[in-house]
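The chain contents come next:
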Amino acid sequence: AMPAGTRVVPGQRLAWQWKLEQALAQANLQRKDGDDAALKVCALYDLPLDAIAFGERTLLRLALQATGEYLPGATVCYVWDTKLAQDTLLPNAYSRRVRWLVLDGNSAPLGSGRAHTRDLHADFLRAFGDESSSVPPLLAIVVGADADNTGGQSLGYLRPLQWQQP
């Protein structure tokens, strides 16, 4: 188990296997109206507010006041996306607080099981190194899929995540 507030150190890895049977036909991570993922694993980090640009920091504070929910300062979402190339890194269309990293892209065949082992420390620095030279504590790992923008349907499978210490 990985408790909230875990410090991510070099070499710490998250491993899993997943399979996507049905993709989201209208998904397009580069646009708000297509911002859906058929299958994703997200690492949420407690990036301090002072590391975040003023405008985005203000939005996070407003969200906290309006909902009472703390939003993480940085999230790296590993995604299976059938339109983008493997290893594409891009910001979420709604918020730069989330960065997408395509692990299985347009060359990955549907219905095939895929295994991944990710160095969380290296991936955070790749995605958010422009904002932070150190990796903040990990708040949670979240697994999901969504189709709220496109209204589509997907079908995927995920084996239990494994936390690997260096």
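Participant: Can you walk me through the state of the cysteines in this structure?
Facilitator: Working definition of a disulfide: a covalent bond connecting the sulfur atoms of two cysteines. All chains considered together, the criterion is met by one disulfide. There is a disulfide in this structure between Cys 42 and Cys 77, and the S-S distance comes to 2.0 Å. Taking the torsion about the S-S bond as the criterion, the Cys 42 to Cys 77 disulfide, at about 105°, is right-handed. Remark: Cys 77 occurs in strand β3 (residues 74-80) and Cys 42 occurs in strand β2 (residues 37-45); sequence separation between them is 35 residues. Taken individually, Cys 42 and Cys 77 each receive the classification buried, so the pair is uniform in this respect.

Participant: How should the nonpolar core be read in this particular structure?
Facilitator: For soluble globular proteins, nonpolar side chains are generally found buried alongside one another. Core analysis: the biggest nonpolar cluster contains 27 residues, and Trp 16, Trp 18, Tyr 45, Tyr 78, Leu 120 and Phe 124 have the highest contact counts within it. Listing elements by their share of this core, those giving two or more residues are β1 (13-22), β2, β3, β5 (98-104) and α2 (120-128). If you tally residues by element for this core, the top one is β2, at five residues. Core analysis: the second largest hydrophobic core is formed by eleven residues, Leu 44, Leu 84, Trp 100 and Val 102 among them.

Participant: Before we go on, may I ask you to explain unusual backbone geometry in this structure?
Facilitator: As a rule of thumb, non-glycine residues mostly have phi less than zero, and peptide bonds are mostly trans rather than cis. Of note, the phi angle at Asp 87 is positive, near 75°, even though the residue is not glycine. Tracing the sequence through the fold places Asp 87 in the loop between β3 and β4 (89-91). Looking at Asp 87, the relative accessible area reads 44%, which means it is partly exposed.

Participant: Hey, could you run me through the confidence of the model for the chain in this one?
Facilitator: Low-confidence regions, as indicated by low pLDDT, have predicted coordinates that should not be scrutinised in detail. In the predicted model, the chain carries a mean pLDDT of 88, and 88% of its residues have values of at least 70. By mean pLDDT, helix α1 (residues 54-67) is the weakest element of the chain at 64, and strand β6 (residues 114-119) is the strongest at 97.

Participant: Before we go on, may I ask you to explain empty space enclosed by the protein in this structure?
Facilitator: As enumerated under the stated definition, the model contains one cavity of 30 Å³ or more in all. Of the voids in this model, the largest cavity is the one considered here, and its volume is about 50 Å³. Every residue lining the largest cavity is listed: Ala 23, Leu 24, Ala 27, Asp 36, Ala 37, Ala 38, Trp 80, Asp 81, Thr 82 and Lys 83. For the lining of the largest cavity, the class distribution of residues is six nonpolar, one polar and three charged.

Conventions adopted
Residues numbered from 1 in each chain as written. Predicted model: local features only at pLDDT ≥ 70, side-chain atom pairs only at ≥ 80, totals over all residues. Heavy atoms only, no water. Disulfide = S-S within 2.5 Å. Helix = DSSP H or I, 4+ residues; strand = E, 2+ residues; numbered from the N terminus. Buried < 20%, exposed > 50% of the residue type's maximum accessible area, 1.4 Å probe, protein only. Core = buried A, V, L, I, M, F, W, Y, C linked by side-chain atoms within 4.5 Å. pLDDT = per-residue confidence, 0-100. 1 Å grid on protein atoms, 1.4 Å probe; cavity = no way out; pocket = protein on both sides within 12 Å on 5 of 7 lines; lining within 4 Å. Points joined across faces, edges and corners; volume = space filled by probe spheres on them. Nonpolar A, V, L, I, M, F, W, Y, C, P; charged D, E, K, R; others polar.

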